[in-house]
Amino acid sequence: MTGEHIYRATTIWTGASKGATTSYESYSREYIVAIDGKLCIVGSADAAFRGNPALHNPEELLVSSLSACHMLSYLALCARAGIRVVSYVDEVMGQMASEQGKVRFTEVMLHPRVTIEPGDDLEKARTLHQEAHEICFIANSVAFPVRHEPLVTHAVDSEIDEDMEFDMIREFA
């Protein structure tokens, strides 16, 4: 990748339609993120910060961005290395705490579960996670540790996991 890349989005506070910011307790935290040509993201603050728990919050979006960036980096590396990934699920967790008087992320932990075709190199598939971490644009842009604990198996070893993955997809669809 060469050169400079610009990314744009528009954030619109839709909570204004429910009233002005007359007090911290009463105003709506709801917003829309619009990106040209794409579906809007409807969000709010986390419930802990008086937001709507049914909507996406910035903390979840940051954690999911780290997970997606690692996954896309990893899949590209596997494709170039001849490793055929047939399944990838990551249950990512981010932790925030108060440090030096500021609430901030202190760590994000990725737990990718990867299934590759039988006969492909398991050890190479495992080591590519570190390389994916090193080239992940989002992980390279944050000021807290992003760790990963991958589990990589061959397809024949993980038929039960694949059934669970399809159940997860149906649950979220």
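In this report, we go over the structure that sits alongside the text. (Residues numbered from 1 in each chain as written. Predicted model: local features only at pLDDT ≥ 70, side-chain atom pairs only at ≥ 80, totals over all residues. Heavy atoms only, no water.)

### Quick word on the overall build of the chain
Next up, step 1: A tally of regular secondary structure across the chain gives three helices and nine strands.
Next up, step 2: Its helices and strands in sequence order give the chain the pattern β-β-β-α-β-β-β-β-α-β-β-α, from N to C terminus.
Next up, step 3: Each of the 173 residues in the chain was classed as buried or not, and the buried ones make up 32%.
Next up, step 4: In the chain, once contacts between residues fewer than 6 apart in sequence are set aside, the share between residues at least 24 apart is 56%.
Next up, step 5: Accessible area of the chain: about 11,300 Å², with a carbon and sulfur share of 55%. (Helix = DSSP H or I, 4+ residues; strand = E, 2+ residues; numbered from the N terminus. Buried < 20%, exposed > 50% of the residue type's maximum accessible area, 1.4 Å probe, protein only. Contact = heavy atoms within 4.5 Å. Areas by Shrake-Rupley, 256 points an atom, 1.4 Å probe, with all protein chains shown as cover.)

### A closer look at the layout of surface pockets
Unoccupied space between atoms shows up once a probe the size of one water molecule is rolled over them.
Next up, step 1: If you add up the space inside the second largest pocket, you get close to 440 Å³.
Next up, step 2: Lining the second largest pocket are 16 residues, and of these Tyr 7, Cys 69, Leu 72, Phe 137 and Ile 138 lie nearest its centre.
Next up, step 3: No other element matches helix H1 (residues 58-81), which puts seven residues into the lining of the second largest pocket.
Next up, step 4: Of the residues in the lining of the second largest pocket, the class split is 10 nonpolar, three polar and three charged. (1 Å grid on protein atoms, 1.4 Å probe; cavity = no way out; pocket = protein on both sides within 12 Å on 5 of 7 lines; lining within 4 Å. Points joined across faces, edges and corners; volume = space filled by probe spheres on them. Nonpolar A, V, L, I, M, F, W, Y, C, P; charged D, E, K, R; others polar.)

### Considering the packing of aromatic side chains
Next up, step 1: By the definition in use, this model includes three aromatic pairs.
Next up, step 2: Across from the ring centre of Tyr 24, 4.7 Å away, lies the NZ or CZ of Arg 29, which sits over that ring.
Next up, step 3: The cationic tip of Arg 29 hangs over the ring face of Tyr 27; the distance from NZ or CZ to the ring centre is 3.7 Å. (Phe/Tyr/Trp six-rings, centres within 6.5 Å; stacked < 30°, edge-to-face > 60°. Lys NZ or Arg CZ within 6 Å of the ring centre and 35° of its normal.)

### Topic: the nonpolar core
Next up, step 1: Counting 12 residues, the largest nonpolar core is built from Tyr 74, Leu 77, Cys 78, Ile 83, Tyr 88, Val 114, Ile 116, Leu 122, Ala 125, Leu 128, Ala 132 and Val 152.
Next up, step 2: Within the residue set of this core, elements represented by two or more residues are H1, strand S7 (112-116) and helix H2 (122-135).
Next up, step 3: Here this core takes four residues from H2, the largest share from any one element.
Next up, step 4: Leaving out residues up to four positions away in the same chain, Val 152 has contacts with Tyr 74, Val 114, Ile 116, Leu 122, Ala 125, Arg 126 and His 129.
Next up, step 5: In terms of nonpolar packing, the next biggest core, distinct from the first, is built from 10 residues, Val 63, Cys 136, Phe 144 and Val 146 among them. (Core = buried A, V, L, I, M, F, W, Y, C linked by side-chain atoms within 4.5 Å.)

### Side note on a nonpolar patch on the surface
Next up, step 1: Among the surface-exposed residues, Tyr 24, Phe 49, Met 96 and Val 103 lie close enough to one another that they form a single nonpolar patch of about 370 Å² accessible area.
Next up, step 2: Tracing the backbone through its elements, the reader meets Tyr 24 in the loop between strand S1 (10-13) and strand S2 (31-34).
Next up, step 3: Tyr 24 gets classed as partly exposed once you look at its relative accessible area, which sits at 47%. (Patch = residues over 30% accessible without salt bridge, like charges linked within 9 Å, V, L, I, M, F, W, Y side chains within 5 Å. Salt bridge = Lys/Arg side-chain N within 4 Å of Asp/Glu carboxyl O.)

### Details of the sheet that holds S2
Sheet strands associate in pairs through backbone hydrogen bonding, adopting either a parallel or an antiparallel arrangement.
Next up, step 1: What the three strands build is an open sheet, ordered S1-S2-S3; its pairing is antiparallel. Lying at the two open borders of the sheet, with one neighbouring strand each, are S1 and strand S3 (41-43). Neighbour-to-neighbour, the strand axes of the sheet open up by a mean angle of 20°, direction not taken into account. (Pairing = 2+ DSSP bridges. Axes fitted to C-alpha atoms, helices over the stretch in contact; angles between N-to-C directions.)

Honestly, it's all geometry; don't read function into it.
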